Amino acid sequence: MGKRIDRKWRFPAGAAVVLAALFLILPLHRQEAEYTVIQAVIAELPDYQKEIESRGYQVSVLPKLTQAPDHRGWMRYYEASAGPVLILTAQDGGMYCFYHGFDQYISERTSPQRMMLFPATQYGEKEYKTVLKTVRLQLCKRKIKQAPLLENTAREDSKGRYDVSVRMEITAEALESGDARSVYGGGFFETNYCSNNFEECRWWGGIDPASANRYSDNTIKQEYSAAQLLGYYKQGLALQDWLTELYHARHGKPTDIK
């Protein structure tokens, strides 16, 4: 009887092992494939450049960095010892960066705006000035050496649910002199979002992470809606697919996993 029970469960148990292995292998294969595609495009850039530029993007390559860069957006590559990185710059100046597939989107916009100076006058009165307000946005995967998620299926209580970090810096300069001005609403803001919707967000650091998360989310959403952030992410994925198509047109499609 015991032997028959053992034979009865042997195949299902083996099938479970195979399925578990596939769940591990397929994401790794996809990650490796997307890394291979991006690095091949970088290595053969002259063969792709005209096609990319015909879509309205300027194309450039950030080499592997050996010293800390001035640009905040490039620090992640320096700290992770990652590179080279393919950069497609849109006509509005937004930069889509690719390493293990789509990695991050960076933009910067400057415009005159009336803002309240900090601190208030010596008499406690609020003082407003028209300044040059600059908003710098960085939307990046939290795990630099993994492919971006097409759909986030992680549990709501897990860190994997919040797979994208959004960082925003707001600074101000005097119109005439260009000197930095301290203003209310300026500073650096960061939290993590679920890439499915950019509504679900969570922060873990600090004394009161829930309050810090709400403050950063509210400030970020005053400048960029969830729909805008999702749009940048989806566009990055679409460009990743397009680059993959260009690569396969030159090198052929990979054989299916057996």
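Residues numbered from 1 in each chain as written. Predicted model: local features only at pLDDT ≥ 70, side-chain atom pairs only at ≥ 80, totals over all residues. Heavy atoms only, no water.

1. As for the nonpolar core
Ranked by internal contacts, the top residues of the largest apolar core, which has 40 residues, are I52, L86, Y96, F98, L139 and F198. Here this core takes 10 residues from helix α5 (residues 226-251), the largest share from any one element. Contacts of I52, omitting those with residues within four sequence positions, involve Y57, V59, L88, W242, L243 and L246. Grouped together as the second largest cluster of nonpolar side chains are 11 residues, W74, A82, C97 and Y99 included. (Core = buried A, V, L, I, M, F, W, Y, C linked by side-chain atoms within 4.5 Å. Buried < 20%, exposed > 50% of the residue type's maximum accessible area, 1.4 Å probe, protein only. Helix = DSSP H or I, 4+ residues; strand = E, 2+ residues; numbered from the N terminus. Contact = heavy atoms within 4.5 Å.)

2. Some details on the pairing of strand β6 (residues 164-174)
A regular strand places its side chains so that they alternate between the two faces of the sheet. Examined bridge by bridge, strand β5 (residues 128-141) and β6 share 11 bridges and lie antiparallel to one another. Following the sheet pairing, L137 is matched in β6 by M168. One ladder, built from two bridges, connects β6 with strand β7 (residues 180-181); its direction is antiparallel. Residue pairing in the sheet places A172 in a bridge with R181 of β7. Where β6 hands over to β7, the hairpin turn is made up of five residues, of which G178 adopts a positive phi near 80 degrees. (Pairing = 2+ DSSP bridges.)

3. Regarding the environment of S54
Residue position: S54 is located in helix α2 (residues 45-54). We classify S54 as exposed; its relative accessible area is 55%. Within the structure, the side chain of S54 is placed 2.5 Å from the backbone oxygen of E51, a separation counted as a polar contact. (Polar contact = N/O pair within 3.5 Å; in protein donor to acceptor, adjacent residues only side chain to side chain.)

4. Considering α5
For α5, built from 26 residues, the straight-helix expectation of 38 Å at 1.5 Å per residue is met to within 8% by its first-to-last C-alpha distance of 37 Å. G252, located one to two residues past α5, shows a positive phi value of around 85 degrees. (Expected span 1.5 Å × (residues − 1).)

5. Comments concerning the environment of R76
In this structure, R76 sits in helix α3 (residues 75-79). Sequence-wise, R76 and C140 are 64 residues apart; in three dimensions their C-alpha atoms are separated by 9.3 Å. With residues near it in sequence (within four places) discarded, R76 still touches D103, Q104, Q138, C140, K141 and I144.

6. A closer look at the side chain of K141
Following the sequence through the fold, K141 ends up in strand β5. Looking at K141, the relative accessible area reads 5%, which means it is buried. Setting aside residues up to four positions removed in sequence, K141 forms contacts with R76, H100, F102, D103, Q146, A147, P148 and D163.

7. Observations concerning the confidence of the model for the protein
With 84% of its residues at a pLDDT of at least 70, the protein reaches an overall mean of 87. The low-confidence segment residues 1-11 (pLDDT under 50) makes zero contacts with residues lying over four places distant or belonging to another chain. (pLDDT = per-residue confidence, 0-100.)

8. Digging into the pattern of salt bridges
Where charged atoms from two side chains of opposite charge come close, those side chains can pair. By the definition in use, this model includes 14 salt bridges. In this structure, the salt-bridge partner of D103 is R76, at a minimum N-O distance of 2.9 Å. With D103 in strand β4 (residues 101-116) and R76 in helix α3, this pair connects stretches of sequence that are 27 residues apart. What makes R76 buried here is its relative accessible area of 11%. The network of salt bridges with common partners includes R72, E108, R136 and E169. (Salt bridge = Lys/Arg side-chain N within 4 Å of Asp/Glu carboxyl O.)

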